[in-house]
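# Close look at the chain arrangement
Each chain is listed here by its residues.
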Amino acid sequence: MKRIVYSAFVIFFVCACAHVEETITTCDVLPMIKSAEFKSKRFAFDGDVALSINAGDEDTRILTGFIAESPLEIAQEGNKSLHLEVAPIEGITSPEGYRIEATADKVTITAGSGAGLFYGLQTVIQLLDAEGTIPTGTITDEPEFAYRGLMLDVSRHFFGKEFVKKQIDAIAHFKMNRLHLHLTDAAGWRIEIKKYPRLTKFAAWRSQALWKEWWFGDRLYAEEGSPEAHGGYYTQDDIRELVKYAADRYVTIIPEIEMPAHSEEVLTAYPELSCTHEPYKQADFCVGNEKVYEFLENVLAEVIELFPSEYIHIGGDEAGKSSWPSCPLCQKRMKEEGLSDVNELQSYLIERIEKFLNSKGRQIIGWDEILEGGLAPNATVMSWRGTEGGLAAVNSGHKAVMTPGGYCYLDSYQDAPHTQPMAFGPYMPLQKVYSYDPREGLNEEQAKLIYGIQGNLWVEYIPTEEMVEYMIYPRILAIAEIGWRNPAGRDYDEFRQRAITAVNRLRDNGYNAFDLENEFGQRKEAQQTNEHLAKGCPVAYAENAPFNEKYNAGGETALTDGVHGGWTYTDEKWQGFIRSGVDVVIDLGSEKEINSVAADFMQMCIPDVWMPAEVIISLSSDGEAFTEVARIAHEVVRDEGLSFKNFGWSGNAKARYVKYQANRGPQRGWLFTDEIVIK
Ligand code: ACM
């Protein structure tokens, strides 16, 4: 591999592999290999190694080219040999599995496919020490899941083909095999389609470079070449180059063409494809209009000429469907097809597109909303809104790729938000990603239909290449390992050490990976249980101020359980209030001397989470007559990022009952608090 060049160091640590013989040796491989028996002797790639390959012509070409650019020193002739062989391996079922048998003068990699040989080579490269040697012995390895992917959004901000190639190098090195490109969305169309030139002469360009300024600004598109045009697209030659580059690393690129929604750019370039025919007004295609099918099929016909992947991703997420009920063509379509609601109308489009793609030998994959209104017969579901979509898919006999937002959305914060550049989602450190098991809770039959896992990088708030890499690495390493390794025996601390090594290597090779070794970590309040007077005491909620069930944090005991929330309101430790403010009374059981009452709130405006505008604290001896001891006003101001604030009273009083009220400001939205601490 050209870019992952191994330099002077390999970290040694106790190997997690099975059957370590005689010496403790390096097993610094990520994703972790399945089993190994290492011997104390080593094999040296010292230029005295001849290469032989027994595989098909195409695999031989790919592997020869790869090795020539790798750190493995190979010569035309040599006293030692590296031999690659495509052949069945006993005990290995995946064609991507491989076996390495290494003695002091010969390394043989056997695999059921060229991809397996490629993965064997990645292991060899990762095992290289500073002298270019690897341990002798036997390694047997194969993936847990067939689909191991990364999605890159190139619509919200456009990234050129050389940058995409660089990411392909890295993911292939970690034995990932799919790159899903989100090529179309409101913020810009990114692929040349010969039949519809306005898609790239106009819809690929916009009035502001930064998505954030454009989205919260005028949201105008621009003519290519005009002074205000920001954006870009891949020409069809660029796409061919990328597809070949990826294939030469056993990575399949899956193109995503969004439908029926997220299509503002198309419907401004070609307004006749929307229900109202007005530019800048609609995000959804008109599902009743035959011209839409003509457009989509023409676009897809060019797409499938360019991308040989089995799957074509057809989007399917977040359709507003708001114009369809009043659109005569959509209504006519519903009547003619006997469709009872707009969800079924969406399914009509998806099924029709599926038929088209199936007739060309391709399969569709779509975001989990394609389940609503009935799933197309052969579709695979990409489950992003939690895991339910995946479960529903497998329960109806469909394959699912798991990409749940809480574990796989790499645009969220990977460390304490105040230490990080602005991100979109909540705190999702490497440990959280690594804790995900795509088959958790599934029976054997269901589990068989889980095709794999994918990490998704949406880039609304990620305008630069440096930031893209920062958000991807190292969290994609956790995705790579989940995709490759059975969850039994996974140990985060051990993984983290390997991930640190991988991060250091990535950084040495020009990737702007997050500095995992110097991670700030979880909010300190959340790291331990807090002892205080109210811990374990009952909390009564005012009838008109209930907590929200989705963010119940454990229910009625949440605010006095001693447990503080972390950096995110989705960690099931923050209790959420949406219909009202907070209005609770805590019963301390008997009259106590009290010196302080306080609670933390958080603010994160993008998901509509706000500080309270006012907090009132009152005390009572009998639970009937309360005396107000504090009224704290707070000016709630929109800001970026995440902040925390403690609202409390301190003084000296006696009371059995403590009332804590927090009122929402003019923004309304959510209030989140985690613990009412009384001392
Ligand atoms: C998605 O995040 N809208 C798939």
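Given the structure is predicted, the values throughout are model-derived calculations rather than measurements. (Residues numbered from 1 in each chain as written. Predicted model: local features only at pLDDT ≥ 70, side-chain atom pairs only at ≥ 80, totals over all residues. Heavy atoms only, no water.)

## Regarding the overall build of the protein
We apply this condition: To qualify as a helix, a DSSP run of H or I must reach at least 4 residues; to qualify as a strand, a run of E must reach at least 2; elements of each kind are numbered from the N terminus. Radius of gyration here uses only the C-alpha atoms, and the compact-globule reference equals 2.2 Å multiplied by the residue count raised to the power 0.38. To measure how exposed things are, a 1.4 Å probe is used in the Shrake-Rupley method; for residues, cover is taken only from the protein chains shown. Charged residues are defined narrowly, with Lys and Arg counted positive, Asp and Glu counted negative, and His plus the chain ends left uncounted. Charge positions come from single atoms, namely NZ of Lys, CZ of Arg, CG of Asp or CD of Glu.
The helix and strand tally for the protein stands at 17 helices and 23 strands. Over its C-alpha trace the protein gives a radius of gyration of 28 Å, about what one expects of a compact globule, namely 26 Å for 679 residues. On the protein, roughly 26200 Å² of surface is accessible, and the fraction owed to carbon and sulfur atoms is 48%. Of the side chains in the protein, 66 bear a positive and 102 a negative charge, and the two mean positions are spaced by 1 Å.

## Some details on the nonpolar core
We count it as follows: Throughout this description, the term nonpolar core refers to a set of buried Ala, Val, Leu, Ile, Met, Phe, Trp, Tyr and Cys residues connected via side-chain atoms within 4.5 Å. Using a 1.4 Å probe on the protein chains alone, a residue whose accessible area is under 20% of its type maximum counts as buried, one over 50% counts as exposed, and one in between counts as partly exposed. Residue contacts are counted whenever heavy atoms from the two residues lie within 4.5 Å of one another.
Membership of the largest hydrophobic core comes to 165 residues, with the highest contact counts inside it found for Leu82, Ile109, Ile191 and Phe295. Aside from chain neighbours lying at most four places away, what touches Ile191 is Leu183, Thr200, Tyr233, Tyr234, Ile239, Ile257, Val303, Leu306 and Phe307. Counting residues in hydrophobic clusters, the runner-up holds 30 residues, among them Ala534, Val584, Ile586 and Val658.

## Details of the packing of aromatic side chains
We describe a pair of aromatic rings using the distance from one ring centre to the other and the angle between the two ring planes. Test applied: Only the six-membered ring of Trp is used, alongside the rings of Phe and Tyr, when aromatic pairs are assigned; centres must lie within 6.5 Å, and planes under 30 degrees apart are stacked while those over 60 apart are edge-to-face, with the rest tilted. Counting as a charge over the ring demands two things of the Lys NZ or Arg CZ atom: a distance within 6 Å of the ring centre and an angle within 35 degrees of the ring normal.
Inspection of every chain in the model, using the stated rule, returns 44 aromatic pairs. Taken together, the ring pairs in this structure connect Phe202, Trp211, Trp214, Trp215, Phe216, Tyr221, Tyr280, Phe424 and Tyr461 into an aromatic cluster. The ring of Phe43 carries Lys80 above its face, with NZ or CZ at 5.2 Å from the centroid. Over the ring of Tyr293 we find Arg352, and its NZ or CZ is 3.9 Å from the ring centre.

## Considerations on the pattern of salt bridges
As a reminder of what qualifies: In what follows, salt bridge is the name for a side-chain nitrogen of Lys or Arg lying within 4 Å of a carboxyl oxygen of Asp or Glu.
Taken as a whole and judged by the stated rule, the model has 41 salt bridges. The shortest N-O distance in the salt bridge between Asp129 and Arg42 comes to 3.5 Å. With Asp129 in the loop between helix H2 (114-127) and strand E6 (133-141) and Arg42 in strand E1 (residues 35-44), the pair connects residues that are 87 residues apart, well separated along the chain. For Asp129, a relative accessible area of 11% gives the class buried. For Arg42, a relative accessible area of 27% puts it in the partly exposed group.

## Considering helix H15 (residues 465-472)
Among the eight residues of H15, six are classified as buried, and the element is accordingly described as predominantly covered. For H15, the complete set of buried residues consists of Met467, Val468, Glu469, Tyr470, Met471 and Ile472. Where H15 is buried, its residues meet strand E7 (147-153), helix H3 (161-173), strand E16 (450-457) and helix H16 (475-484).

## Considering the sheet that holds E1
In plain terms, the rule: Strands were regarded as paired on the criterion that DSSP finds at least two bridges between them. Each axis is a line fitted through C-alpha atoms, taken for helices only over the stretch in contact, and angles between the N-to-C directions span 0 to 180 degrees.
Read across the open sheet, the six strands follow the order E1-E6-E4-E5-E3-E2; overall the sheet is mixed. Strands with a single pairing partner mark the edges of an open sheet, and in this sheet they are E1 and strand E2 (49-54). Across this sheet, the average inter-strand angle for adjacent strands is 20°, counted without regard to direction. When E2 meets strand E3 (residues 80-86), the two strands line up parallel, connected through six bridges. When the sheet's bridge partners are listed, Ala50 is paired in E3 with Ser81. Helix H1 (residues 57-68) rests against E2 and E3 of the sheet, and its axis sits at about 160° to E2.

## Quick word on helix H10 (residues 342-359)
The condition that has to hold: One less than the residue count of a helix, multiplied by 1.5 Å, gives the span that helix is expected to have. Polar contacts, as counted here, are pairs of nitrogen or oxygen atoms within 3.5 Å of one another; within protein the pair requires one atom able to donate a hydrogen and one able to accept it, and residues that are adjacent in sequence qualify only if both atoms are side-chain atoms.
Between its first and last C-alpha, H10 extends 26 Å over 18 residues, near the 26 Å set by a 1.5 Å rise per residue. For H10, the N-terminal cap is Asp341; the gap from its side-chain oxygen to the backbone nitrogen of Asn343 is 3.1 Å. Backbone geometry just downstream of H10 places Gly361 in the positive-phi region, at approximately 80°.

## Digging into the side chain of Thr568
Here Thr568 is to be found in the loop between strand E17 (539-541) and strand E18 (575-577). With relative accessibility at 5%, the residue Thr568 sits in the buried group. Residues within four places of Thr568 in sequence aside, it is in contact with Pro426, Tyr427, Trp574 and Met602.

## Remarks on the sheet that holds strand E12 (residues 311-315)
Sheet architecture is closed into a barrel: eight strands sit in the order E7-E8-E11-E12-E13-E14-E15-E16, paired in parallel fashion. Neighbouring strand axes in the sheet, compared pairwise and without regard to direction, differ in orientation by 30° on average. Here five bridges tie E7 to strand E8 (residues 178-182), and the two strands are oriented parallel to one another. Bridging from a neighbouring strand, Met151 pairs with His180 of E8.

## Overview of the environment of Glu290
Along the chain, the position of Glu290 falls in helix H8 (residues 290-306). Taking the C-alpha atoms as reference, Glu290 lies 9.2 Å from Leu329; in sequence the two are 39 residues apart. Look past the residues within four positions of Glu290 in its chain and what remains in contact with it is Arg333 and Arg352.

## Details of the confidence of the model for the protein
Condition: The predictor reports its confidence for every residue as pLDDT, a score running from 0 up to 100.
Across the protein, pLDDT averages 94, with 96% of residues at or above 70. Mean pLDDT across the elements of the protein ranges from a minimum in E1, with 93, to a maximum in E8, with 99. When the criterion is pLDDT under 50, residues 1-26 qualifies, and its contacts beyond four places in sequence or with other chains add up to 79 contacts.

## What about the pairing of strand E5 (residues 106-111)?
Counting buried residues in E5 gives five out of six residues, a clear majority hidden from the surface. As judged from the six bridges shared by E3 and E5, these two strands associate in the parallel manner. Each bridged residue has a counterpart across the sheet, and for Leu82 the counterpart in E5 is Val107. Hairpin connection of strand E4 (residues 98-102) to E5: three residues between the antiparallel strands.

## Brief notes about the packing of H3 against helix H6 (residues 236-247)
Let me state the cut-off plainly: In these notes the angle categories are as follows: under 35 degrees is roughly parallel, over 145 is roughly antiparallel, 65 to 115 is roughly perpendicular, and the rest is oblique. Crossings are sorted by hand: turned counterclockwise from the far helix by less than a right angle, the near helix makes the crossing left-handed, and turned clockwise it makes it right-handed. In this classification, the charged set is Asp, Glu, Lys and Arg, the nonpolar set is Ala, Val, Leu, Ile, Met, Phe, Trp, Tyr, Cys and Pro, and all remaining amino acids, among them Gly, are polar.
Where H3 meets H6, the axes come as close as 10 Å, and the angle between the chain directions of the two elements is 10°. The angle between H3 and H6 falls in the class roughly parallel. Seen from above, H3 lies across H6 with right-handed handedness. Packed against H3, whose contacting residues are Lys161, Glu162, Val164, Lys165, Ile168 and Asp169, the element H6 presents Asp238, Glu241, Leu242, Tyr245 and Ala246 at the interface. For the contact of H3 with H6, the per-class residue count stands at five nonpolar, no polar and six charged.

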